[in-house]
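Summary of the model geometry
If you want the building blocks of each chain, they are given just below.
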Number of protein chains: 10
Amino acid sequence: MLFAVTMQIEFPHDLDPEVRADLLARESAYSRAQQEAGTWPHLWRIAGQWANLSIIDAEDNAQLHDILSNLPLFPFMTIDVKPLTRHPNSIRN
Amino acid sequence: MLFAVTMQIEFPHDLDPEVRADLLARESAYSRAQQEAGTWPHLWRIAGQWANLSIIDAEDNAQLHDILSNLPLFPFMTIDVKPLTRHPNSIRN
Amino acid sequence: MLFAVTMQIEFPHDLDPEVRADLLARESAYSRAQQEAGTWPHLWRIAGQWANLSIIDAEDNAQLHDILSNLPLFPFMTIDVKPLTRHPNSIRN
Amino acid sequence: MLFAVTMQIEFPHDLDPEVRADLLARESAYSRAQQEAGTWPHLWRIAGQWANLSIIDAEDNAQLHDILSNLPLFPFMTIDVKPLTRHPNSIRN
Amino acid sequence: MLFAVTMQIEFPHDLDPEVRADLLARESAYSRAQQEAGTWPHLWRIAGQWANLSIIDAEDNAQLHDILSNLPLFPFMTIDVKPLTRHPNSIRN
Amino acid sequence: MLFAVTMQIEFPHDLDPEVRADLLARESAYSRAQQEAGTWPHLWRIAGQWANLSIIDAEDNAQLHDILSNLPLFPFMTIDVKPLTRHPNSIRN
Amino acid sequence: MLFAVTMQIEFPHDLDPEVRADLLARESAYSRAQQEAGTWPHLWRIAGQWANLSIIDAEDNAQLHDILSNLPLFPFMTIDVKPLTRHPNSIRN
Amino acid sequence: MLFAVTMQIEFPHDLDPEVRADLLARESAYSRAQQEAGTWPHLWRIAGQWANLSIIDAEDNAQLHDILSNLPLFPFMTIDVKPLTRHPNSIRN
Amino acid sequence: MLFAVTMQIEFPHDLDPEVRADLLARESAYSRAQQEAGTWPHLWRIAGQWANLSIIDAEDNAQLHDILSNLPLFPFMTIDVKPLTRHPNSIRN
Amino acid sequence: MLFAVTMQIEFPHDLDPEVRADLLARESAYSRAQQEAGTWPHLWRIAGQWANLSIIDAEDNAQLHDILSNLPLFPFMTIDVKPLTRHPNSIRN
């Protein structure tokens, strides 16, 4: 079951550089693990912004929340979620 | 080159039913042709809305506009476009 | 799987009274049938508005969209959907 | 008398971890006590957000404000309140 | 129990003048009857707008909705409702 | 001459507790003095928010600004002002 | 007593040309009469819009509403009102 | 003196096709004449929308309004104007 | 050439009192100098807000930006600019 | 391929003056280098704001993001991107 998720990131300017570097490294590892597990099938950068558009493939809303709330950058994100379903004009199953 | 495109459709309630049916049929055919041509790689229904989230693959902005402005439902759509690019954490090329 | 759904209704002032009465009767029947089937566990009027807050219990996003897009008043509604999940502080299962 | 209440939580990033842990523990205890008392009949997590949708059952507006303003996290919340009433299509009393 | 209610009125420009005059006369009579009954203790015009700020005194949300949804101009209104309660700094009971 | 004034209060989380207590005490005293002087005829809490709806009775815009800008909490408030006048349907003078 | 008033005008595209011409002529006459009477000391066009920024000099909110609600174009206007007062840095009385 | 002007066009769906064609032909001629006169140095289509971003070069605000309000499509446009000036980092004069 | 300029001021609560006093004194002196020079013909306080509505008379957009960006409070302001021109109904030249 | 880019800059008031001066110097150098390279053909100040309207000429969305995300002031900017294409009424190629 797919969800379109937009994540906008905003860091406080006085965040400790080491904390920041650690957060970014953990975010990258977490994101790659989810992609490899198949729960994060698409991840695109929105050009010109520190933001992404993601497609999350979750069994249900609970797993969706689990995936998102465990993002290392979650406390610094503004997240928008839209549940998706098959479009009648789509040529895919 | 990918673009995230959200299309929201609003029909006037007094649109002639035949005009309406014809528009919807032509929209479906056009959408399928673009998908088969590879320019519309993803098309999802946003659940609960007469709206879709689409990923359009265009050579440039001109082709993007060409694809969107030729949609039979274009005059009834509110369209939002976000240019996308590869995300550094993406495991895809 | 639960979704919070807000439905705001707006009728064109020149809608034929018979069409209007028929729509409302079909909406009422449809809504009651979904409630009896267990897919629409909560339905509240938002005081002072021609609007409701509903909790929809659907198997997945596809069923959610199916329930909502078949509402007889769907063409006259502005719908907002928020996927819900269990809250860690909730005393319910 | 029911109210739909949306609570969005935002913590300053430099909040002392002990203060934070204490606040969260007290929030959990308070929330459970209200649920057991019957004044907070529904509490759902909004998936992907540090936010909840709650149904509060209060005798009047004064009790509603009393319940909400005593939330330990109240100073960190953005709260939206909508008074609810029975919907004519509801099959419940 | 008090509620602050803002009502903004918008008439279609092609509304039949007799229908319009009848609506306004019935609105005036209804509003005066509610004021005399004590359920509409304050009614002010917002200067420069076809809008009012009202204080409604209702037993509960159900009566509030009943009073508002029976306004003859209800179909032409955008209504905002805020539940009120006693302010700790108020010198009134 | 009446004005509807909405005051929303937001305190920085790291405000010194003594400064905060002093501000709140002075706000309470100031508010009561204005009420007793007749310039602040109504003061209601908006349920669920650290906000109030007030009716200010001022001789002119200058006095209105004087009353509001001297509020001890003024630097922490977002204020919205709407000039009011008699409504033609009002049964009061 | 001064008020800053922004008036935005929107005509339905199918308004009868004679009705339209009559409305515009009456608006012009009314506006000039108010200017000559001293109640409309400033009237500027907002460049690029069918809108104006006006300064209205009224004895009180009641007269302000009287001036605005009698505008022949009032039913086609979106009006925003801001009460003004002397600025402490102003070199004028 | 340059202004950034965004023009968004919305046609009523029941506009007479001949009226529509005539409007578009006159808009095109008018736009080209202004470009040739040097008052409309840049005109870009915003991809995916019936809208444009234009740079208008006018002697003053009066000429800017004159150019925009004489657009044949002006009654169907939502126009946003931003005055521009030289940027200190610009390598152009 | 006139511009309507709205300036909204927001100070950080922890600004050094001497810095603050110095900024306000310099703002007052600057504002008075511009008024005496004729470039700031109107300056009004918006009642109930730390904000003003100003009419700036500048030769062109460059001078407008020069006047505004040199305001001592410029870094703490949210500024909105609307270019003005003569209104056809105005009785002034 | 052109993009209209609006950049709004907001600095924290307590930014170290040396850090600030260094950022501004690097921003200026970067901006000039891009202009000389032809990727930033237009750069205008929006009058009255610490903001600019830029036209960026990039090969694709990836290069656009590369240019913008390497701006020294990027962490302090709110950026809006609109893809542009040739307008059918444009007299340029």
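Some remarks on the overall build of chain A
Broken down by element type, chain A carries two helices and four strands. Each helix and strand of chain A, ordered N terminal to C terminal, gives the series β-α-β-β-α-β. Counting every position in chain A, which comprises 93 residues, the buried fraction comes to 54%. Pairs at least 24 apart in sequence give 67% of the contacts found in chain A among residues at least 6 apart. On chain A, roughly 4,200 Å² of surface is accessible, and the fraction owed to carbon and sulfur atoms is 48%. With 7 positive and 12 negative side-chain charges, chain A shows a separation of 10 Å between the mean positions of the two kinds.

Comments concerning the relation of the copies chain C and chain D
After a rotation of 180° and a shift along the axis of 0.0 Å, chain C superposes on chain D with an RMSD of 0.0 Å. Such a combination of turn and shift is consistent with a two-fold rotation axis.

Some words on the pattern of salt bridges
This structure, assessed with the given rule, holds 20 salt bridges over all chains. C:Lys82 serves as the salt-bridge partner of C:Asp80, at 3.3 Å between the closest nitrogen and oxygen. Across the pair F:Arg26 and F:Asp22 runs a salt bridge whose closest N-O atoms are separated by 3.2 Å. Of this pair, F:Arg26 and F:Asp22 both sit in helix H1 (residues 17-37), four residues apart, roughly one helical turn. A relative accessible area of 43% means that F:Arg26 is categorised as partly exposed.

Considering the interface of chain I and chain J
Contacts between the two partners involve 11 residues from chain I, matched on the other side by seven residues from chain J. Both sides together, the interface formed by chain I and chain J hides about 620 Å², and carbon and sulfur atoms give 63% of it. Sorting the residues of chain I by area buried against chain J places I:His65, I:Phe74 and I:Ile79 first, and these three jointly supply 55% of that buried surface. Linking chain I with chain J are zero salt bridges. The tally of links from chain I across to chain J stands at four residue pairs in polar contact (both at pLDDT 80 or more).

Concerning the relation of the copies chain I and chain J
When chain I is fitted onto chain J, the two copies agree to an RMSD of 0.0 Å after a turn of 72° and an axial shift of 0.0 Å. Both copies are brought into coincidence by an operation consistent with a five-fold rotation axis.

Topic: the side chain of H:His42
Along the chain, H:His42 turns up in strand E2 (residues 42-46). Apart from residues no more than four positions distant in its own chain, H:His42 is found in contact with H:Leu53, H:Ser54, H:Ile55, J:His42, J:Trp44 and J:Arg92.

Brief notes about the packing of aromatic side chains
For the structure on display, the rule yields 20 aromatic pairs over all chains. Residues I:Phe11 and I:Phe76 carry aromatic rings whose centres are separated by 4.9 Å and whose planes lie at 80° to one another, so their mutual orientation is edge-to-face. Taken together, the residues I:Phe11 in the loop between strand E1 (2-9) and helix H1 (17-37) and I:Phe76 in the loop between helix H2 (61-69) and strand E4 (77-86) connect sequence positions 65 residues apart. Exposure class is identical for I:Phe11 and I:Phe76. Each is buried. Every member of this aromatic cluster is reached through a ring pair, and the members are A:Phe11, A:Trp50 and A:Phe76.

With respect to the interface of chain C and chain D
Taken residue by residue, the interface counts 29 residues in chain C and 29 residues in chain D. Interface of chain C and chain D: buried area, both sides summed, is about 2,700 Å²; carbon and sulfur atoms make up 61% of it. For the side of chain C that touches chain D, the elements supplying multiple residues, two or more each, are strand E1 (2-9), helix H1 (17-37), strand E2 (42-46), strand E3 (51-57) and strand E4 (77-86) of chain C. Broken down by element, the residue count for the side of chain C that touches chain D peaks at six residues, all from H1(C).

Brief notes about the sheet that holds strand E2 (residues 42-46) of chain B
One closed barrel accounts for eight strands, arranged E1(A)-E3(A)-E2(A)-E4(B)-E1(B)-E3(B)-E2(B)-E4(A); its pairing is antiparallel. Taking each pair of neighbouring strands and ignoring which way they run, the sheet shows an average axis angle of 35°. Of the pairings in the sheet, the one linking strand E1 (residues 2-9) of chain B to strand E3 (residues 51-57) of chain B comprises seven bridges and is antiparallel in character. Directly across from B:Met7, in E3(B), lies its bridge partner B:Asn52. Docked against the sheet, helix H2 (residues 61-69) of chain A engages strand E1 (2-9), strand E3 (51-57) and strand E4 (77-86) of chain A, running at close to 25° with respect to E1(A).

Quick word on the confidence of the model for chain A
With 99% of its residues at a pLDDT of at least 70, chain A reaches an overall mean of 96. Among the prediction metrics, the complex's ipTM stands at 0.94, with pTM recorded as 0.96.

Describing the side chain of B:Ser90
On the secondary structure map, B:Ser90 appears in the segment after strand E4 (77-86). A polar contact of 3.2 Å, which involves the side chain of B:Ser90, links it to the backbone nitrogen of B:Arg92. For B:Ser90, the residues in contact, after removing those within four places along its chain, are A:Arg32, A:Gln35 and A:Leu43.

Section: the sheet that holds strand E2 (residues 42-46) of chain D
An order of E1(C)-E3(C)-E2(C)-E4(D)-E1(D)-E3(D)-E2(D)-E4(C) is seen for the eight strands of this closed barrel, with the pairing classed as antiparallel. Averaged over all neighbouring strand pairs, the angle between strand axes comes to 35°, with direction disregarded. Helix-sheet contacts for H2(A) involve E1 and E4 of chain C together with E2 of chain D, and the interaxial angle to E4(C) is about 75°. Taken strand by strand, helix H2 (residues 61-69) of chain C contacts E1, E3 and E4 of chain C, and its axis lies near 25° from that of E1(C).

A look at the pairing of strand E1 (residues 2-9) of chain F
Looking at chain direction, E1(F) and strand E4 (residues 77-86) of chain F are connected through seven bridges and run antiparallel. Counted as the bridge partner of F:Gln8 is F:Thr78 from E4(F).

Quick word on the environment of J:Arg86
Residue and element names in this part refer to chain J. Relative to the helices and strands, Arg86 is located in strand E4 (residues 77-86). The spacing of Arg86 and Leu2 is 84 residues in sequence and 9.2 Å in space, taken between C-alpha atoms. Polar side-chain contacts of Arg86 include one of 2.8 Å to the backbone oxygen of Ser90. Of the polar contacts made by the side chain of Arg86, one reaches the backbone oxygen of Arg92; its length is 2.9 Å.

With respect to helix H1 (residues 17-37) of chain G
All names here are of chain G. Here H1 is 21 residues long and its end C-alpha atoms lie 30 Å apart, about the 30 Å a rise of 1.5 Å per residue gives. Regarding H1, the residues found buried are Leu23, Glu27, Ser28, Tyr30, Ser31, Gln34 and Gln35. Sitting at the head of H1, Asp16 places a side-chain oxygen 2.9 Å from the backbone nitrogen of Glu18. Note on H1: the residue one or two positions beyond its end, Gly38, has a positive phi of about 90°.

Comments concerning the environment of B:Thr6
Residues and elements named next belong to chain B. As for its placement among the helices and strands, Thr6 is situated in strand E1. Residue Thr6 is classed as partly exposed on the basis of its relative accessible area of 24%. Sequence-distant contacts of Thr6, defined by excluding residues within four places in its chain, comprise Ile46, Asn52, Leu53, Thr78, Ile79 and Asp80.

Comments concerning a negative patch on the surface
On the surface, a cluster of negative charge is contributed by A:Asp14, D:Asp14, F:Asp14, I:Asp14 and J:Asp14. In this fold, F:Asp14 is placed in the loop between E1 and H1.

Structural notes on the environment of A:Pro83
All names here are of chain A. By the element assignment, Pro83 lies in strand E4. Since its relative accessible area comes to 3%, Pro83 is described here as buried. It is 17 Å that separates the C-alpha atoms of Pro83 and Gly38, two residues lying 45 residues apart in sequence.

Some remarks on the pairing of strand E4 (residues 77-86) of chain D
Here E2(C) pairs with E4(D) via three bridges, running antiparallel. Within the sheet, the bridge partner assigned to C:Trp44 lies in E4(D) and is D:Arg86.

Some points on the arrangement of the chains
Taking C-alpha atoms as the reference, chain A and chain F come no closer than 16 Å and do not contact one another. Separated without contact, chain C and chain H have their nearest C-alpha atoms at a distance of 16 Å.

Rules behind the numbers
- Residues numbered from 1 in each chain as written.
- Chains lettered and ligands numbered in written order.
- Predicted model: local features only at pLDDT ≥ 70, side-chain atom pairs only at ≥ 80, totals over all residues.
- Heavy atoms only, no water.
- Helix = DSSP H or I, 4+ residues; strand = E, 2+ residues; numbered from the N terminus.
- Buried < 20%, exposed > 50% of the residue type's maximum accessible area, 1.4 Å probe, protein only.
- Contact = heavy atoms within 4.5 Å.
- Areas by Shrake-Rupley, 256 points an atom, 1.4 Å probe, with all protein chains shown as cover.
- Lys, Arg positive; Asp, Glu negative; His and termini not counted.
- Charge placed at Lys NZ, Arg CZ, Asp CG, Glu CD.
- Least-squares fit on C-alpha atoms with pLDDT ≥ 70 in both.
- Salt bridge = Lys/Arg side-chain N within 4 Å of Asp/Glu carboxyl O.
- Buried area = accessible area lost by both parts, 1.4 Å probe.
- Polar contact = N/O pair within 3.5 Å; in protein donor to acceptor, adjacent residues only side chain to side chain.
- Phe/Tyr/Trp six-rings, centres within 6.5 Å; stacked < 30°, edge-to-face > 60°.
- Pairing = 2+ DSSP bridges.
- Axes fitted to C-alpha atoms, helices over the stretch in contact; angles between N-to-C directions.
- pLDDT = per-residue confidence, 0-100.
- Expected span 1.5 Å × (residues − 1).
- Patch = residues over 30% accessible without salt bridge, like charges linked within 9 Å, V, L, I, M, F, W, Y side chains within 5 Å.

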